[in-house]
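# Reading the structure
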Amino acid sequence: MIMFMSRFFGRVLFAAAKSESAAASAFAEKLHNPLEEFFEVDRRTDDEKPVVYGRSWKASELRLKSWDDLNKLWYVLLKEKNMLMTQRQMLHAQNLRFPNPERISKVRKSMCRIKHVLTERAIAEPDPRRSAEMKRMINAL
């Protein structure tokens, strides 16, 4: 009987500890809100050196990339554009100045150049059905 009781309570305690650890990990996951991806990490404005952002993609660079790479890059740029537009709108609502507004134009230029390169590939496609399908996919971007 004592053996049964120790096994029973041991299992109950083990299950309770396991559920507590699951609850703790669920709580930690809730701390990361997916909407946080629309906001840039806060940077202090009083840093010694200014933050330097990259340039837009050149069409010649994009022509070297595969269709899948361009598609992935498109969605990375779309996410960046959404983050910048959200940040700009929130700062505008607070009557604050949006830092580095040229970043939005760099992202837009890159997105336009990706569409241009993909359209060039669709036009150069010898199969008319595949070319039409490629154009539909490009227009859906």
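Before reading further, recall that the structure is shown in the block above.
The notes below deal with the structure included here. Predicted model only: the values in this text are computed from it and were never measured.

The next subject is unusual backbone geometry. A positive phi angle is found at Asn95, which is not glycine, with a value near 60 degrees. Structurally, Asn95 is set in the loop between helix 3 (67-93) and helix 4 (102-124). Residue Asn95 is classed as exposed on the basis of its relative accessible area, which comes to 71%. Look at Asn100: it is not a glycine, yet its phi comes out positive at around 55 degrees. Note on placement: Asn100 falls in the loop between helix 3 and helix 4. Asn100 sits in the partly exposed class, given a relative accessible area of 24%.

Moving on, we get to the pattern of salt bridges. Within the structure shown, the criterion is met by five salt bridges. One salt bridge connects Glu120 with Arg63, and the closest N-O pair in it is separated by 2.9 Å. With Glu120 in helix 4 and Arg63 in the loop between helix 2 (59-62) and helix 3, the pair connects residues that are 57 residues apart, well separated along the chain. We classify Glu120 as partly exposed; its relative accessible area is 29%. Here Arg103 makes a salt bridge to Glu80, at a shortest N to O gap of 2.9 Å. Here Arg103, found in helix 4, pairs with Glu80, found in helix 3; they are 23 residues apart in sequence, far enough to count as distant. Taking relative accessible area as the criterion, Arg103 reaches 8% and is therefore assigned buried.

Attention now moves to the layout of surface pockets. Over the atoms, a rolling probe the size of a water molecule traces out where space has been left empty. Put simply, the second largest pocket is a space of about 210 Å³. Lining the second largest pocket are 13 residues, and of these Gly54, Arg55, Leu77, Glu80 and Val107 sit closest to its centre. Taken together, the elements giving at least two residues each to the lining of the second largest pocket come down to helix 3 and helix 4. A class-by-class count of the residues in the lining of the second largest pocket yields six nonpolar, three polar and four charged.

Under the definition given, this model contains zero aromatic pairs. The ring of Tyr53 carries Arg103 above its face, with NZ or CZ at 3.8 Å from the centroid.

Before going further, it helps to examine the packing of helix 3 against helix 4. Contact geometry of helix 3 with helix 4 gives a least axis separation of 9 Å together with a crossing angle of 155 degrees. As judged from the angle between their axes, helix 3 and helix 4 are roughly antiparallel. Relative to helix 4, helix 3 is oriented so that their crossing is left-handed. From helix 3, Trp67, Leu70, Leu73, Trp74, Leu77, Leu78, Glu80, Lys81, Met83, Leu84, Met85 and Arg88 reach across to helix 4, where they touch Arg103, Ile104, Val107, Arg108, Ser110, Met111, Ile114, Lys115, Val117, Leu118 and Arg121.

In this section: helix 3. Since the α-helix turns once every 3.6 residues, residues separated by three or four places project in the same direction. Its 27 residues give helix 3 an end-to-end C-alpha distance of 39 Å, which sits within 8% of 39 Å, the value for a rise of 1.5 Å per residue. Of all the positions in helix 3, only Leu70, Leu73, Trp74, Leu77, Met83, Leu84, Gln87 and Leu91 are classed as buried. Its buried side turned inward, helix 3 meets helix 2 and helix 4. Phi for Asn95, located one or two positions after helix 3, is positive at around 60 degrees.

Calculation rules
Residues numbered from 1 in each chain as written. Predicted model: local features only at pLDDT ≥ 70, side-chain atom pairs only at ≥ 80, totals over all residues. Heavy atoms only, no water. Helix = DSSP H or I, 4+ residues; strand = E, 2+ residues; numbered from the N terminus. Buried < 20%, exposed > 50% of the residue type's maximum accessible area, 1.4 Å probe, protein only. Salt bridge = Lys/Arg side-chain N within 4 Å of Asp/Glu carboxyl O. 1 Å grid on protein atoms, 1.4 Å probe; cavity = no way out; pocket = protein on both sides within 12 Å on 5 of 7 lines; lining within 4 Å. Points joined across faces, edges and corners; volume = space filled by probe spheres on them. Nonpolar A, V, L, I, M, F, W, Y, C, P; charged D, E, K, R; others polar. Phe/Tyr/Trp six-rings, centres within 6.5 Å; stacked < 30°, edge-to-face > 60°. Lys NZ or Arg CZ within 6 Å of the ring centre and 35° of its normal. Axes fitted to C-alpha atoms, helices over the stretch in contact; angles between N-to-C directions. Parallel < 35°, antiparallel > 145°, perpendicular 65-115°, else oblique. Left-handed = near helix turned anticlockwise from the far one by under 90°. Contact = heavy atoms within 4.5 Å. Expected span 1.5 Å × (residues − 1).

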